[in-house]
Amino acid sequence: MGLGRLQAWMLGLPTAVVYGSLALFISVLHNVFLLYYVDTFVSVYKINKTAFWVGETVFLLWNSLNDPLFGWLSDRQFLSSQPRSGAGLSSRAVVLARVRALGWHGPLLALSFLAFWVPWAPAGLQFLLCLCLYDGFLTLVDLHHHALLADLALSAHDRTHLNFYCSLFSAAGSLSVFASYAFWNKEDFSSFRTFCVALATGSGLGFVGATRLLRRRVEAAGREPECPALAVDGGLCGEELLVGCKEAGSITLGQYLQQLARHRNFLWFVGMDLVQVFHCHFNSNFFPLFLEHLLSDHISLSTGSFLLGISYVAPHLNNLYFLPLCRRWGVYAVVRGLFLLKLGLSLLMLLAGPDRPGLLCLFIASNRVFTEGTCKLLTLVVTDLVDEDLVLNHRKQAASALLFGMVALVTKPGQTFAPLLGTWLLCFYTGHDLFQQPPLAPMGSAQPWPEPPAPPPAQAPTLRQGCFYLLVLVPITCAVLQLFTWSQFTLHGRRLHMVKAQRQNLSRAQTLEVKMV
């Protein structure tokens, strides 16, 4: 009786909640992975320096290429409209295919996560294989999850509603960071390994359960004549777009890239997003350094660890406030406001100077939180670009995963530029090479190999001043560049409403064609 009630309760959950719960099952794994995978291989498995850098280099190449590769393999059929046995592929079938893919790839992501914490091969080989396997399945899960945001709902209101639950569940998943502190012990790794097994088991079962619920919703919506809403406005209702029912040429990868090159808003967006990805990873990479050299005399190590941990949770909670603003004012206006806020706070901090610890602590934390929060909002902009791409190129179906993959291809180099440019700027300004002393690592990660001792104390003020100027001038530069590129982006206001209307009209027209065949 209790089991039946539980099943009935789960079946009654809103689709937005079920979709958002997928973010929980991703974040509980990924945050722990980010914090501990380096320290595990360096301090526990004792990987050598050469094998570590070879693995990271191969991972960098694979991480950059797998997004467009998997996106193309997933969505290339939507770019072609060649007849195929007289049958077409409806948008509902596309959503079902994405949900089934999540049902398979989610548990495989959990298994690949487990492979990090059990030694089963030489450390260098295991490091390389684990990174590539984990990132491959993570990319597949992320692409299909993001693509569903564009496929389940059409209106900006409903997409922000779906994204609201993603932020809520991502914040809940980030709590795994705090729970992991109780189990992390390099000397006795068994308790942490058990903790990771529990996380992976919960995540894998969660993916299976959530995707089954979501699949039932989509199938039920296809059977009922009224077609009840899947998201909020029923993104799939009455929408039976056939892929392959009208005569058109097959689109090659080269032709698709030419179409993207003519997509003006896509080009301005990826230019802005490249700077955003750079700034997000710059904050992540240099957060411990800023705490050490700017605030170590004013806060304890445990306070610094707490600040770093809370910075994983706060961006998601922050978005719970910003997403309602997006519904009211539009994503474009909110993102522009965040860029202006970033510029204003950075200029204020520059004028205040490095000798105000309270203001410094607030600025370091808020800079990371607002920057990460902006990244979460930009997913909604990509879904609008999916709509515009469909309308501009008269596609039979939105190539959602492919467009997300192409955005990632252009913007992921920002992840690499962030530590390289940051360390170069610091060295150029202060003459201090970060690779000559181990940086402070308050949270799980540590400098892999012992290095020569720190420079003499006489250099400390110069290094502190360099860290301060790096802290404030990078956000100012990023904000100026982003405000310029964002001002060239026209997919908002009247144009966005026109694109949405044209996509909905296209859906109705093609539905009529299907009924007449």
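Source: prediction; values computed, not measured. (Residues numbered from 1 in each chain as written. Predicted model: local features only at pLDDT ≥ 70, side-chain atom pairs only at ≥ 80, totals over all residues. Heavy atoms only, no water.)

A word on the overall build of the chain. Helices and strands together make up the secondary structure of the chain, namely 17 helices and zero strands. Across the 517 residues in the chain, those meeting the buried criterion constitute 53%. Here the contacts in the chain between residues at least 6 apart in sequence split such that 86% fall between residues at least 24 apart. In the structure as shown, the chain presents an accessible area of about 22700 Å², 66% of it carried by carbon and sulfur atoms. (Helix = DSSP H or I, 4+ residues; strand = E, 2+ residues; numbered from the N terminus. Buried < 20%, exposed > 50% of the residue type's maximum accessible area, 1.4 Å probe, protein only. Contact = heavy atoms within 4.5 Å. Areas by Shrake-Rupley, 256 points an atom, 1.4 Å probe, with all protein chains shown as cover.)

This part takes up the environment of F164. With respect to the helices and strands, the residue F164 is situated in helix 6 (residues 156-174). For the pair F164 and A16, spaced 148 residues apart in sequence, the C-alpha separation works out to 8.7 Å. Those residues in contact with F164, other than ones at most four positions away along the chain, are L320, L323 and R327.

What follows deals with the packing of aromatic side chains. A full pass over the atoms with the stated rule returns 34 aromatic pairs. Consider the rings of F41 and Y45, whose centres lie 5.0 Å apart with planes at 85 degrees: the pair is edge-to-face. You can call F41 buried: its relative accessible area is 0%. (Phe/Tyr/Trp six-rings, centres within 6.5 Å; stacked < 30°, edge-to-face > 60°.)

Turning to the state of the cysteines, a few remarks are in order. Scanning all chains against the criterion turns up one disulfide. The disulfide that involves C280 links it to C375, with 2.5 Å between the sulfurs. Since a negative S-S torsion denotes a left-handed disulfide, the C280-C375 link at about 110 degrees is right-handed. Of this pair, C280 sits in helix 10 (residues 264-295) while C375 sits in helix 13 (residues 357-392), and the two are 95 residues apart along the sequence. The class of C280 is buried, set by a relative accessible area of 3%. Classification of C375 by relative accessible area gives partly exposed; the value is 22%. (Disulfide = S-S within 2.5 Å.)

This part is about the UniProt feature "transmembrane region" (unreviewed entry) in the chain. As recorded in UniProt, the feature "transmembrane region" (unreviewed entry) lies at residues 16-38, 101-118, 124-141, 162-184, 190-214, 266-287, 299-317 and 329-352. Annotated as residues 16-38, this span is 100% helix and 0% strand, and its ends, taken at the C-alpha atoms, are 35 Å apart. End C-alpha atoms of residues 162-184 are separated by 34 Å, and the span's content is 83% helix alongside 0% strand. (UniProt positions renumbered as here; feature names shortened; annotations may be inferred.)

Right, let's get into helix 9 (residues 253-261). Here helix 9 has its buried residues at Y256, Q259 and L260. Looking down the long axis of helix 9, one finds its buried residues gathered within 100 degrees of arc, a one-sided arrangement. Check the buried side of helix 9 and you find it contacts helix 3 (49-75), helix 10 and helix 14 (400-411). (Arc of directions from axis to C-beta.)

Grouped together as the largest cluster of nonpolar side chains are 112 residues, with contacts concentrated most on F113, F116, W117, F192, F269 and W486. At 19 residues, the largest contribution of residues to this core is made by helix 2 (residues 15-44). Residue-level mapping places this core at the junction of two domains, with at least three residues from each of domain 1 (13-81 + 89-222) and domain 2 (253-432 + 460-516). Here F192 is in contact with V32, Y36, W117, S180, F183 and W184, once residues within four sequence places are set aside. In this structure, F282, F287, L360 and C467 belong to the second largest nonpolar core, which totals 27 residues. (Core = buried A, V, L, I, M, F, W, Y, C linked by side-chain atoms within 4.5 Å. Domains from an automatic or database assignment.)

For T383, the location among the structural elements is in helix 13. For T383, the side chain forms a polar contact with the main-chain oxygen of L380, separated by 2.5 Å. With residues up to four places along the chain from it excluded, the contact list for T383 reads L149, A150, R159 and F404. (Polar contact = N/O pair within 3.5 Å; in protein donor to acceptor, adjacent residues only side chain to side chain.)

Side-chain pairs of opposite charge can arise whenever the charged atoms involved come near each other. The tally for this structure, following the rule as stated, stands at ten salt bridges. Two residues, D384 and K500, come together in a salt bridge whose shortest N-O distance is 3.0 Å. A residue pair is termed long-range when its members are at least 10 positions apart, and D384 in helix 13 and K500 in helix 17 (residues 494-516) qualify at 116 residues. Across the pair, K500 and D384 agree in class, each one buried. Here K500 and D387 are joined by a salt bridge, their closest N and O atoms 2.8 Å apart. Of this pair, K500 sits in helix 17 while D387 sits in helix 13, and the two are 113 residues apart along the sequence. Neither residue differs from the other here; K500 and D387 are each classed as buried. A cluster of three or more residues bridged by salt bridges with shared partners is formed by R159, D384, D387 and K500. (Salt bridge = Lys/Arg side-chain N within 4 Å of Asp/Glu carboxyl O.)

Quick look at the environment of V472 now. Here V472 is to be found in helix 16 (residues 460-487). A relative accessible area of 0% means that V472 is categorised as buried. It is 9.3 Å that separates the C-alpha atoms of V472 and I364, two residues lying 108 residues apart in sequence. Among all residues touching V472, those that are not within four sequence positions of it are S346, M349, L350 and F363.

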